[in-house]
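Chain by chain, the residues:
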Amino acid sequence: MVQNSSLIYLNNAATSWPKPPEVLEAIKQSLSLPVFGSGRTTGSQGEDYLTLAREELSRFLAADPAEQVVFTANATDSLNLLIQGFLADKRDGNHVLTTRLEHNSVLRPLHEYQRQGRIRLVILPFEEGLVSPHSVEAAITPDTRLMVMTHGSNVLGSVQDIQAIGDILHDHGIYFIVDGAQTTGHLPINLRNLPVDAYVFTGHKGLFGIPGTGGFYLRDPESVSPVRFGGTGTDSFSLLHPRGMPERFETGTPNYPGLAALAAGVKYIRSTGLDTIAAKAERQTEYLVNELRKTPTITIYNDRPSLPILSFNLAGVENDDMGFILARAYGIVGRTGLHCAPLVHQVIDQGKGCVRLSISWFTTDEECRIAASAVREIAENADSSIGPA
Ligand SMILES: Cc1ncc(COP(=O)(O)O)c(C=O)c1O
């Protein structure tokens, strides 16, 4: 039997672990002195983590000006805020496009709006993990207002052509929100050149921050109505919530330790090199795919992923059971089930769900070797009378 005495964490698409030591140190530092909050504190010696994180993200995503980078609680929070804000003004049509690849953080807010009769929603198909720009063009009607789409699928690791899709949408005057929860920290992203109106990121995955952090870049602040109001530490005499950026969308006390972590995570990626991180992830993911391919009873749903994500099932073994055996017998943490993206599974595995292994910069070659051997060993021990998955 494959021997492993320590934890092998292959659930980085859910949340990355471990975090770089610099991130842990930044959290500690952020709490070791009273925080500095512009307009909120007098004479604190602490760092201004909000500005630090904003400048890091702005530089990392080529998102100018930095004030148009907004922090929220996570990608889900950002998507809710943007969807509500883009649709607040009902005058210009209520037809919305999205895709079957989406996470529930897109599907559920849109479904809720559809249920309330506020939008007409069209959900576009995908083929081999990709949404065709032609299908987007064909779905556009005179009252199409908005498209919300994932940049990278959290199940298939496929990356959408947001350049081509964004160009089509903008030719028709349609707003484009892109969910970059899975791509930020894995792919170079240059928002100066991409035809998107809002780009959403999360802190706790590829950016090496901690849960409870995220945000978005918004190209034209006036295109989104604010949907939250409260204290900003600025212009406090006025009962009207400030309309300038970033206060327009940031209310209440920020998550300073989380933002310190996020700034440190982005800095860590910059100093390590995004290309170096991506090249290692690609090599290790390809290794896992090639190893699992050797077992005919394993069905891989994405054998050429562009992100470090591998999804599969073993014939005759429920995905939950596979996850349980991997964890209990081999100390390997993956993820099973629907991965909060139910419509993808209707296409790939009849809605049953699958096993997902996802690696990070900190995953070693030896861990990949153990994981591949463990899956193959489980397959060999499963009922050999069972055909392909
Ligand atoms: C594609 C995608 N979008 C959105 C989210 C939600 O991210 P968050 O945890 O920051 O709300 C996830 C997280 O799993 C995701 O994979």
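Residues numbered from 1 in each chain as written. Predicted model: local features only at pLDDT ≥ 70, side-chain atom pairs only at ≥ 80, totals over all residues.

1. Quick word on the site of the ligand
The full set close to the ligand counts 14 residues, and N74, A75, T76, N154 and T202 are the nearest of them. Partitioned by chemical class, the residues of the shell around the ligand number 4 nonpolar, 9 polar and 1 charged. (Near = placed C-beta within 6 Å. Nonpolar A, V, L, I, M, F, W, Y, C, P; charged D, E, K, R; others polar.)

2. A short note on the sheet that holds strand β4 (residues 120-124)
Overall, mixed pairing links the 7 strands, which are arranged β2-β8-β7-β6-β5-β3-β4 in an open sheet. At either margin of the open sheet sits one strand with a lone partner, and together these are β2 (69-72) and β4. Sheet twist, expressed as the mean angle between neighbouring strand axes with direction ignored, is 20°. Across 5 bridges, the pairing between strand β3 (residues 95-99) and β4 is parallel. Residue pairing in the sheet places V96 in a bridge with L121 of β4. (Pairing = 2+ DSSP bridges. Helix = DSSP H or I, 4+ residues; strand = E, 2+ residues; numbered from the N terminus. Axes fitted to C-alpha atoms, helices over the stretch in contact; angles between N-to-C directions.)

3. Focus: helix α9 (residues 319-330)
An ideal rise of 1.5 Å per residue puts 16 Å on 12 residues; α9 measures up with 16 Å between its terminal C-alpha atoms. Along α9, the residues classified as buried are N319, M322, G323, L326 and Y330. End-on view of α9: buried residues confined to an arc of 100°, all on one side of the axis. The secondary structure elements touched by the buried residues of α9 are β10 (309-314), β11 (332-333), β12 (335-337), β13 (354-358) and α11 (365-381). Trailing α9 by a residue or two, G331 shows a phi angle of about 70°, which is positive. (Expected span 1.5 Å × (residues − 1). Buried ≥ 20, exposed ≤ 12 C-beta atoms within 10 Å, placed from the backbone. Arc of directions from axis to C-beta. Contact = placed C-beta atoms within 7 Å.)

4. Looking at the nonpolar core
Core analysis: the largest hydrophobic core is formed by 105 residues, its most contacted members being I177, Y199, V200, A263 and A371. At 10 residues, the largest contribution of residues to this core is made by helix α7 (residues 256-272). Both of domain 1 (8-19 + 273-381) and domain 2 (21-271) provide at least three residues apiece to this core. (Core = buried A, V, L, I, M, F, W, Y, C linked by C-beta atoms within 7 Å. Domains from an automatic or database assignment.)

5. Re the packing of helix α8 (residues 274-293) against α11
Any two packed helices are characterised by how steeply their axes cross, that is the angle between the axes, and by the distance between the axes. The contact between α8 and α11 brings their axes to 10 Å, and the two run at 20°. Regarding the angle of α8 to α11, the classification is roughly parallel. Judged by the twist between their axes, the crossing of α8 over α11 is right-handed. Counting all contacts with α8, which are made through Q284, Y287, L288, E291 and L292, the residues of α11 involved are D365, C368, A371, A372, V375 and R376. A breakdown of the residues in the contact of α8 with α11 according to their chemical character gives 7 nonpolar, 1 polar and 3 charged. (Parallel < 35°, antiparallel > 145°, perpendicular 65-115°, else oblique. Left-handed = near helix turned anticlockwise from the far one by under 90°.)

6. Quick notes on the packing of helix α1 (residues 21-32) against α7
Packing of α1 against α7 leaves a shortest axis separation of 8 Å and a crossing angle of 150°. Remark: the crossing between α1 and α7 carries right-handed chirality. Contact with α1, carried on its side by E22, V23, A26, I27, Q29, S30 and L31, involves Y256, P257, A260, A261, A263, A264, G265 and Y268 of α7 and no other residues of that element. Looking at the contact of α1 with α7 residue by residue, the class counts come to 11 nonpolar, 3 polar and 1 charged.

7. Description of helix α3 (residues 75-87)
Across its 13 residues, α3 extends 18 Å between first and last C-alpha, which sits within 8% of the 18 Å expected from 1.5 Å per residue. Burial in α3 covers these residues: A75, T76, D77, S78, L79, L81, L82, I83, G85, F86 and L87. On its buried side, α3 packs onto β2, α4 (104-115), β5 (144-150), β6 (175-179), β7 (198-202) and β8 (214-218).

8. A few points about the domain arrangement of the protein
According to the domain assignment, the protein consists of domain 1 (8-19 + 273-381) and domain 2 (21-271). When each unit is reduced to the centre of its C-alpha atoms, the spacing between domain 1 and domain 2 is 27 Å. Counting residues at the interface gives 24 residues for domain 1, matched by 29 residues for domain 2. Among the secondary structure elements, those contributing two or more residues to the side of domain 1 that touches domain 2 are α8, β10 and α10 (342-348).

9. Notes on the environment of K352
Structurally, the position occupied by K352 is in the loop between α10 and β13. Along the sequence, K352 and E318 sit 34 residues apart, while their C-alpha atoms lie 8.5 Å from each other. Discounting residues that sit within four places of it in the chain, K352 has contacts with N319 and H345.

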